[in-house]
Amino acid sequence: MDYRKGNYDGMNNFLTNINWNQLLANLDADTAADTWTGVLTDAINTFVPRKQRQPPRHPPWSTPRLQILKSRKRAALKKYAKHPTDRWRNHYRSRNRKYSILNKQLFRRHQHRIQSRLKRDPKKFWNHVNEQRKETGLPTAMILDGEEATSTESISDLFRRQFSSVFTNEAVGKRILLRLLATFHCDLPLDLTRWSLPSPSVVPAPLSKVLPAAAQTASPLHKKGPKRDVRNYRGIAALCAVSKLFEVIVLDFIKFNCCDYVALEQHGFMAKRSTNSNLVSYSSFILRTMQQRKQIDAIYTDLSAAFDKLNHRIAVAKLERLGIPQGSHLDPLIFLLYMNDVHHLLGCHKLSYADDIKLFTVVENDTDCQFLQEQLDLFANWCSENRMVLNASKCSDYLATCYTAACPTQHFSFPDRFGGGGGGNLFSATPAHQFMLRGSSSGFR
């Protein structure tokens, strides 16, 4: 669609003349959303012209000389196909060789040019990278726990089962919610006698007319590992266009009212914060500490399918505690607020990017090591109470020091229910910068 040439005055008049109250009266949320989406689609198709996009005839690094060589190569191939003799075969090989050499030279020059312009035009750089990585479709055969599927229906069923098994929404009672909210960091006073258990679907009246149900379709996105294994894919929801429109409308208002509650240590999904700012903060702390000839112990934690494990009733309770309206699909912001109170719970240094949290402290004696272990226990207990799954097998620790003299060595572990305590997933840090997961032969430097 060519939105720059759209007739928006005509579209506004068309939408204004519709009696929305009569059109959406007595309709449930799903039907109302479908009706409104259909009207908007008709308006767009009527008042916005279509843009005819022709695929480029030549690659972006092509030159007139390369196009001439390509034409000569094709002509030589046709000649050889018509007269399959050694003479025409050698003629074709000669033309093909010249074309291939120039094409490779121009392609390398094109890559160098894009790379040199990374700072000025990062979008073009990543478009080129993604274009080179592009792979269409899924493997013809997919497996899940030894079960193989080859047809479209059976493969879709494997993905449905996998995505359904990852998502959990345990029913949490009022007593547990009250205990969690009693320690939830918020400037607003909490009156436990007046607080009520939130409904599973708390949607304000104006939004209930247009927001669809939570059930959505999902597309598989490969994460890592063999592409035939369904467990190596993440489900990406195809949200309704109407709900996305509401996100755009209310996002700035909600951010203005609640972003002050997000801890400064959180660098994910926040304006002017990123993995770079997270790393700069962490590296600066390490350098300052090493200048004082002290040691830093750090623990990197990992949560399994954190967004899928987010408990709806706990999230609604926390958002209601902050006075934030419900009803939109603002996943990143809601997730940050869900995870926010863990930053106020922990007393050690910490930095996080979304669900990736690292705990670290300056270690001068065994007491400091024990303190870091206590903070790890607090974090593990918080994960358990907030229904997040801590993946102990993917967690690791790191030691940084500027000297090789003897310094405290501590084995960090999770409680038994997280796979620790029994010797299965213990962390050990040594002055020689050798880090081992006990029970494993893998070492990290």
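Each chain has its residues counted from 1, following the order in which its sequence is written. Reporting of local features is limited, given that this is a predicted model, to residues whose pLDDT is at least 70; pairs of side-chain atoms are given and counted only at 80 or more, and all residues count toward the totals for whole chains, interfaces and linings. Hydrogen atoms and water are omitted, and side-chain values are computed over all heavy atoms in the structure.

1. As for the side chain of S62
Now for step 1: A run of DSSP states H or I qualifies as a helix once it reaches four residues; a run of E qualifies as a strand once it reaches two. Both are numbered from the N-terminal end. In this structure, S62 sits in the loop between helix 3 (29–47) and helix 4 (64–82).
Now for step 2: For S62, a relative accessible area of 19% puts it in the buried group. Burial classes: relative accessible area under 20% of the type maximum marks a residue as buried, over 50% as exposed, and values in between as partly exposed (1.4 Å probe, protein chains only).

2. Some thoughts on the pairing of strand 7 (residues 356–363)
Now for step 1: Of all 8 residues in strand 7, 6 are buried, a share of seventy percent or more.
Now for step 2: In this scheme, strands are said to pair when DSSP sees at least two bridges between them. Of the strand pairs in this sheet, strand 5 (residues 295–300) and strand 7 are connected by 6 bridges, and their pairing is antiparallel. Following the sheet pairing, Q295 is matched in strand 7 by V363.
Now for step 3: Bridging between strand 6 (residues 349–353) and strand 7 involves 5 bridges; their strand directions are antiparallel. Bridged to L351 within strand 7 is K358.
Now for step 4: What sits between strand 6 and strand 7 in their antiparallel hairpin is a turn of 2 residues, with A354 showing a positive phi close to 60 degrees.

3. Observations concerning the pattern of salt bridges
Now for step 1: Salt bridge, as used here: a side-chain nitrogen of Lys or Arg that lies within 4 Å of a carboxyl oxygen of Asp or Glu. For the structure on display, the rule yields 9 salt bridges.
Now for step 2: For R161, the salt bridge goes to D157, with nearest N and O atoms at 3.4 Å. Here the residue R161 and the residue D157 both occupy positions in helix 7 (residues 152–166), the gap between them amounting to 4 residues, near one helical turn.
Now for step 3: Accessibility expressed as a relative area gives 31% for R161, which makes it partly exposed.
Now for step 4: Ionic contacts of the salt-bridge type, sharing partners, join the residues E147, D157, R160 and R161 into one network.

4. Topic: the state of the cysteines
Now for step 1: In this description, a disulfide is simply a cysteine sulfur pair whose atoms lie within 2.5 Å. Per the counting criterion, the structure on display carries 0 disulfides.
Now for step 2: This cysteine, C395, is not joined by any disulfide, and C383 carries the nearest cysteine sulfur, 8.7 Å off.
Now for step 3: Judged by its relative accessible area of 1%, C395 falls in the buried class.

5. Observations regarding helix 11 (residues 275–291)
Along an α-helix, residues three or four positions apart point the same way, because every turn accommodates 3.6 residues.
Now for step 1: For helix 11, with 17 residues, the first-to-last C-alpha span of 24 Å sits near the 24 Å given by 1.5 Å per residue.
Now for step 2: Taken residue by residue, helix 11 has S277, N278, Y282, F285, I286 and T289 as its buried positions.
Now for step 3: In what follows, residue pairs with any heavy atoms lying within 4.5 Å of each other are defined as contacts. As for helix 11, its buried residues are in contact with strand 5, strand 6, strand 7 and strand 8 (396–400).
Now for step 4: Here a polar contact is recorded for every N or O atom pair within 3.5 Å, except that within protein the pair must consist of a potential hydrogen donor and a potential acceptor, and residues adjacent in sequence are included only if both atoms are side-chain atoms. The backbone nitrogen of N276 has a side-chain oxygen 3.2 Å away, supplied by the residue at the start of helix 11, namely S274. For a helix, the expected span equals 1.5 Å multiplied by the number of residues minus one.

6. Observations regarding the confidence of the model for the protein
Now for step 1: A score from 0 to 100, pLDDT tells how confident the predictor is in each residue. A residue-level look at the protein finds 77% of positions with pLDDT of 70 or above and a mean pLDDT of 78.
Now for step 2: Per-element confidence in the protein ranges from a low mean pLDDT of 28 for strand 11 (residues 435–437) to a high of 95 for strand 6.
Now for step 3: The low-confidence segment residues 325–329, where pLDDT is below 50, has 16 contacts with residues more than four positions distant or belonging to other chains.

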